[in-house]
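Structural characterization, general
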Number of protein chains: 2
Amino acid sequence: MVDSTTWVTSFVPNFPLPTPLLATASAEAGPMILAGVLLSLVVVYLASKLGGELCARIDLPPVLGELVGGVVVGVSALNLLVFPEGGADSSSSLIMSFLQATAGLTPEAAEGVFQAQSEVISVLAELGVIILLFEIGLESDLKELIRVGPQAAVVAVIGVTIPFVAGTVGLIYLFNVPTVAAIFAGAALTATSIGITAKVLAEIQQLSSREGQIIIGAAVLDDVLGIVILAVVASLAKTGEIEVSNVIWLIVSAGVFLIGAILVGRLLSPLFVALVNKLKTRGQLLLSALIFAFALAYIAAAINLEAILGAFAAGLILAETEKRHELEEQVIPVADILVPVFFVSVGAKTDLNVLNPAVPANREGLIIASFLVVVAIIGKICAGVGAFGKEKVNRLAVGVGMIPRGEVGLVFAGVGAASGVLSESLDAAIIVMVIATTFLAPPFLRVAFQTGEKAKPETAPALDSAAGEAIALDASAPEKAAEAVQESSQN
Amino acid sequence: MVDSTTWVTSFVPNFPLPTPLLATASAEAGPMILAGVLLSLVVVYLASKLGGELCARIDLPPVLGELVGGVVVGVSALNLLVFPEGGADSSSSLIMSFLQATAGLTPEAAEGVFQAQSEVISVLAELGVIILLFEIGLESDLKELIRVGPQAAVVAVIGVTIPFVAGTVGLIYLFNVPTVAAIFAGAALTATSIGITAKVLAEIQQLSSREGQIIIGAAVLDDVLGIVILAVVASLAKTGEIEVSNVIWLIVSAGVFLIGAILVGRLLSPLFVALVNKLKTRGQLLLSALIFAFALAYIAAAINLEAILGAFAAGLILAETEKRHELEEQVIPVADILVPVFFVSVGAKTDLNVLNPAVPANREGLIIASFLVVVAIIGKICAGVGAFGKEKVNRLAVGVGMIPRGEVGLVFAGVGAASGVLSESLDAAIIVMVIATTFLAPPFLRVAFQTGEKAKPETAPALDSAAGEAIALDASAPEKAAEAVQESSQN
């Protein structure tokens, strides 16, 4: 909406718009905005499914396909899904043209409808990340971290430190990237995708192996570290400068918020469970959990952290309650409809044209990308070396298992793009790094792991835990009926 | 969105806004809009759960509580959730004040953020109705209609005709209501809430009774009739006048669209099932179904019908596939998070102050409401008389079972309020009618039904079918793992 003022002011200062025109415009705008959102969602879902299925066919993580699908429908190619931030207006949006051709959208209203529709899709994408991080939190397990203990911790810390330092310093001194942007790119190098890692391990049946457990444990811890780093870096990006006091304050507030939320949450979670058990109406668990998650997300946003940090904390807290699995199952369909909006939007907003080598100015972006890829891979493999232990551990496999950045890396790229601190080429370079690491990990991982022990079916990754369990959304129906009969007899 | 231009123009014509200010404004707007949406959703979910649970406790349909909860947080009382259509601006929104107090929202950006947040919530509410009607379609059953046959059909037709004619004519000649508005109010009288009716029947264990089957069959048919009527009336409201050719065209297009969509859909649904069975990635069924539903919803909207009609048709079509139950289970959490936004918004937008009898001008609204309530109840009871049949049928019970308007009536009220044809008092009167009929039905129904035959547990209503069945969202995981192993051995 505020975006739309840009367009309005470009008209208005010369002649005030007559109110009637605005009236009719807003009268017809509502249905057109809904129609535009419906079309956009159809495009988003088609892109995510086509891309995801294609990747699944060639045995790559589907999330990559969603990103690539977004690139295809976005500003880089089809211009179906374009956003005002990219400097696009309604005339460059194929969906707006389609609305004008098929649904009778008037040119006068087109710009306002485009702005509104883009705003709605952007918020749906942001809700998508929030739900995704809530789900990752739900699938994370503090106890597992403690169990796999020092090895996972060492792997995670090394795997975060080396890529971050090497990436940031390298960007600053080799490529003269502005400090804040370099730190952001360095932070993006720290991520590990627990989802993709877990899925790949399950596919090669190594999830229950010693190496597999270390990787999962480290990836979980990496999520926490990465999200704190993201919150810190994103806040830095907002203030635009690095004051040590600022950094310390952010680290402290991030730590205090996350730890405090978890401690307080663990105290309150029994009340949460007791409350939910008392509720009788449909959706009692899911809505209670989302009230909690959205409230924490708001608090995190209000104290200048990222909303996703609050959602992740909420997930971690609820993961420790007896409601965890039931909640995971109910969150899955919600994530299925919202998360693709995020991934496809990230892809759609990424202008890969800046990586066209034909343009001399773009070569820097490609060079940066290849630098980031090298740092990203070497940094995580070094982390594998940290996996000491009594018995022989396949350290290479551990390191390789940490390589895929996947959705977490994309979260960094998305937040970075939104914050505006990243240059187009650097943002695209990060996306290329995420794509490359996530593409390379699965084949690498197979090579690194010797064929051998088979995992049992019940060691399926958390992401697949939805399978094989029953939901009882309205288990209280019988009581309700019973009460109804009682009360009716009293009437 | 376009609404926001009203605000901008009120400032801009005097002095053009400097671009930098707009830039910073839009830069800070993004996170603030998300924060506002998060707060609004927390308010919506709290209102829907508190209201719903309260109603469940006093043995009334929870959907009523969601509506009343919306009234409480809306313009009638707390002003937490207010909308620009109601003439509100950011200063009257408690959420905006809260954002300024806690999240550092600047007064300059407040209006734009308010407009954007309201736009997003409105679209979420519209997506809520679309999902709700998709779900109702999924739970409807053409075959069941054909089986209960003529009796249900007669009940449905009488139950639609009498309230519609009596209501419309009465409003025009007794209350001098404009024709289009009167037709809209009359149309709202035709609805029957299959959800509430089914739930009430289950609570008093009459679902499997002869009367119960007639009621359900008639309610399902009533849904179809009501939605066609709604589409016709809503389109009339758009064009603002009644041309017979127009009415015929709309009835024909509504019929052709619904029947054509169902016939074509039934031909294509095997392909749909085959396609979904081939898909391997998470959410394959839900997203494929939503692509189908949203596409039909867009087509319906594009040919000047209502988007909900397309969603309902999509639900009816997919209800005939083997995927029905799996899909119903996956749609439930999606409906749980979106549908409350619709009910609470309807309540929040309803200014019950127009029914304050202290104000002389309001008394008309109250008189209209009581008239609508009488017509609504008598009309449906007359419909019960149509339930002829060999064996003795409790016709009063059948009629009373058709009384609750519930969510379908609220859909009419919501669409009517959005279309702007309904005066505030008439809109509020319809809401009062919906509340009254839905409140009165359960006790009436208990009185009307003699205690007697007990229904078997497996005759639980479709709404409860989520219970006791297993979801296998990622049933293809084992094959994936197997293929992964194969391909890895080939690599």
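Residues numbered from 1 in each chain as written. Chains lettered and ligands numbered in written order. Predicted model: local features only at pLDDT ≥ 70, side-chain atom pairs only at ≥ 80, totals over all residues. Heavy atoms only, no water.

**As for the overall build of chain A**
Of regular secondary structure, chain A possesses 18 helices and one strand. Every one of the 491 residues in chain A was classed for burial, and the buried ones make up 63%. Long-range pairs, those at least 24 residues apart, make up 79% of the contacts in chain A with a sequence separation of at least 6. Accessible surface for chain A amounts to roughly 17500 Å². Of this, 69% is attributable to carbon and sulfur atoms. (Helix = DSSP H or I, 4+ residues; strand = E, 2+ residues; numbered from the N terminus. Buried < 20%, exposed > 50% of the residue type's maximum accessible area, 1.4 Å probe, protein only. Contact = heavy atoms within 4.5 Å. Areas by Shrake-Rupley, 256 points an atom, 1.4 Å probe, with all protein chains shown as cover.)

**Points about the environment of B:I121**
All names here are of chain B. Relative to the helices and strands, I121 resides in helix 5 (residues 107–139). Put simply, I121 and S40 are 81 residues apart on the chain and 7.7 Å apart in space, counted from C-alpha to C-alpha. Beyond its immediate chain neighbours, meaning those up to four positions away, I121 contacts V37, S40, L41, F83, V341 and S345.

**Observations concerning the packing of aromatic side chains**
Applying the stated criterion across every chain yields a total of ten aromatic pairs over all chains. Seen from the ring of A:F83, A:K349 lies directly overhead, with NZ or CZ sitting 4.5 Å from the centre. (Phe/Tyr/Trp six-rings, centres within 6.5 Å; stacked < 30°, edge-to-face > 60°. Lys NZ or Arg CZ within 6 Å of the ring centre and 35° of its normal.)

**Description of the packing of helix 11 (residues 284–302) of chain B against helix 12 (residues 307–318) of chain B**
All names here are of chain B. The interhelical angle for the contact between helix 11 and helix 12, taken along N-to-C directions, is 140°, at an axis separation of 6 Å. When the interaxial angle is binned, helix 11 and helix 12 end up oblique. In this structure, the crossing between helix 11 and helix 12 has a hand that is right-handed. Contacts between helix 11 and helix 12 involve A289, F292, A293, L296, A297, A300 and A301 from the former and A307, G310, A311, A313, A314, I317 and L318 from the latter. (Axes fitted to C-alpha atoms, helices over the stretch in contact; angles between N-to-C directions. Parallel < 35°, antiparallel > 145°, perpendicular 65-115°, else oblique. Left-handed = near helix turned anticlockwise from the far one by under 90°.)

**A word on the side chain of A:S48**
Relative to the assigned elements, A:S48 resides in helix 2 (residues 19–57). Reaching out from A:S48, the side chain makes a polar contact with the backbone oxygen of A:Y45 at a distance of 3.0 Å. Not counting the four nearest positions on each side in its chain, A:S48 is found in contact with A:E66, A:P340, A:V344 and B:L287. (Polar contact = N/O pair within 3.5 Å; in protein donor to acceptor, adjacent residues only side chain to side chain.)

**Some details on the pattern of salt bridges**
Residues and elements named next belong to chain B. Tallied over the entire structure, the rule returns eleven salt bridges over all chains. When the shortest N-O distance is used, the salt bridge between E53 and R57 registers 2.8 Å. Taken together, the residues E53 and R57, both in helix 2 (residues 19–57) and four residues apart, mark about one turn of the helix. Residue classification places R57 among the partly exposed residues on the basis of a relative accessible area of 36%. (Salt bridge = Lys/Arg side-chain N within 4 Å of Asp/Glu carboxyl O.)

**Details of the packing of helix 5 (residues 107–139) of chain A against helix 5 of chain B**
At a closest axis distance of 10 Å, the pairing of helix 5 of chain A and helix 5 of chain B adopts a crossing angle of 75°. When the interaxial angle is binned, helix 5 of chain A and helix 5 of chain B end up roughly perpendicular. Contacts between helix 5 of chain A and helix 5 of chain B involve A:A116, A:E119, A:V120, A:V123 and A:L124 from the former and B:A116, B:E119, B:V120, B:V123 and B:L124 from the latter.

**Considerations on the side chain of A:T281**
With respect to the secondary-structure elements, A:T281 resides in the loop between helix 10 (244–278) and helix 11 (284–302). Residue A:T281 is classed as buried on the basis of its relative accessible area, which comes to 4%. Only 2.6 Å separates the side chain of A:T281 from the side chain of B:E53, close enough to count as a polar contact. Residue contacts for A:T281: discarding those within four places in its chain leaves B:K49, B:G52, B:E53, B:A56 and B:P62.

**Describing a nonpolar patch on the surface**
Residue and element names in this part refer to chain A. A grouping of V264, L267, L268 and L271 is seen on the molecular surface, where their side chains present a nonpolar patch of about 420 Å² in accessible area. When you line up the elements, L268 lands in helix 10. Here L268 falls in the partly exposed class, since its relative accessible area comes to 47%. (Patch = residues over 30% accessible without salt bridge, like charges linked within 9 Å, V, L, I, M, F, W, Y side chains within 5 Å.)

**Topic: helix 7 (residues 179–190) of chain A**
Residues and elements named next belong to chain A. Taking 1.5 Å as the rise per residue, helix 7 with twelve residues should run 16 Å; its terminal C-alpha atoms sit 17 Å apart, in good agreement. Counting buried positions along helix 7 gives eleven out of twelve residues, so the element sits mostly inside the fold. Inspection of helix 7 places V180, A181, A182, I183, F184, A185, G186, A187, A188, L189 and T190 among the buried residues, and these make up the whole buried set. (Expected span 1.5 Å × (residues − 1).)

**Notes on helix 5 of chain B**
Helix length check: helix 5 of chain B, at 33 residues, gives a terminal C-alpha distance of 47 Å against a target of 48 Å (1.5 Å per residue), a fit within 8%. Across the 33 residues of helix 5 of chain B, 30 count as buried, placing the element largely inside the fold.

**Side note on unusual backbone geometry**
Residues and elements named next belong to chain B. You will see that N79, though not glycine, has its phi angle at about 60°, which is positive. In this fold, N79 is placed in the loop between helix 3 (62–73) and helix 4 (94–102). Look at N79 and you get partly exposed, because its relative accessible area is 25%. Here the phi dihedral of N176 falls at roughly 55°; this positive angle occurs in a residue that is not glycine. Within the secondary structure, N176 sits in the loop between helix 6 (142–175) and helix 7 (179–188).

**Regarding the confidence of the model for chain A**
The predicted coordinates of low-pLDDT regions are not to be read in fine detail. All names here are of chain A. When pLDDT is averaged across chain A, the result is 76; 76% of the residues are at 70 or more. Counted against residues more than four places away or in other chains, residues 1–27, with its pLDDT under 50, gives 52 contacts. Here the complex is predicted with pTM 0.77, and the ipTM for its interfaces comes to 0.77. (pLDDT = per-residue confidence, 0-100.)

**Focus on the environment of A:P357**
Residues and elements named next belong to chain A. Its location among the elements puts P357 in the loop between helix 13 (324–349) and helix 14 (363–385). The class of P357 is partly exposed, set by a relative accessible area of 46%. Discounting residues that sit within four places of it in the chain, P357 has contacts with R363 and L366.

**Re the environment of A:I367**
Residue and element names in this part refer to chain A. By secondary structure assignment, the location of I367 is in helix 14. You can call I367 partly exposed: its relative accessible area is 46%. For the pair I367 and K238, spaced 129 residues apart in the sequence, the C-alpha separation amounts to 27 Å.

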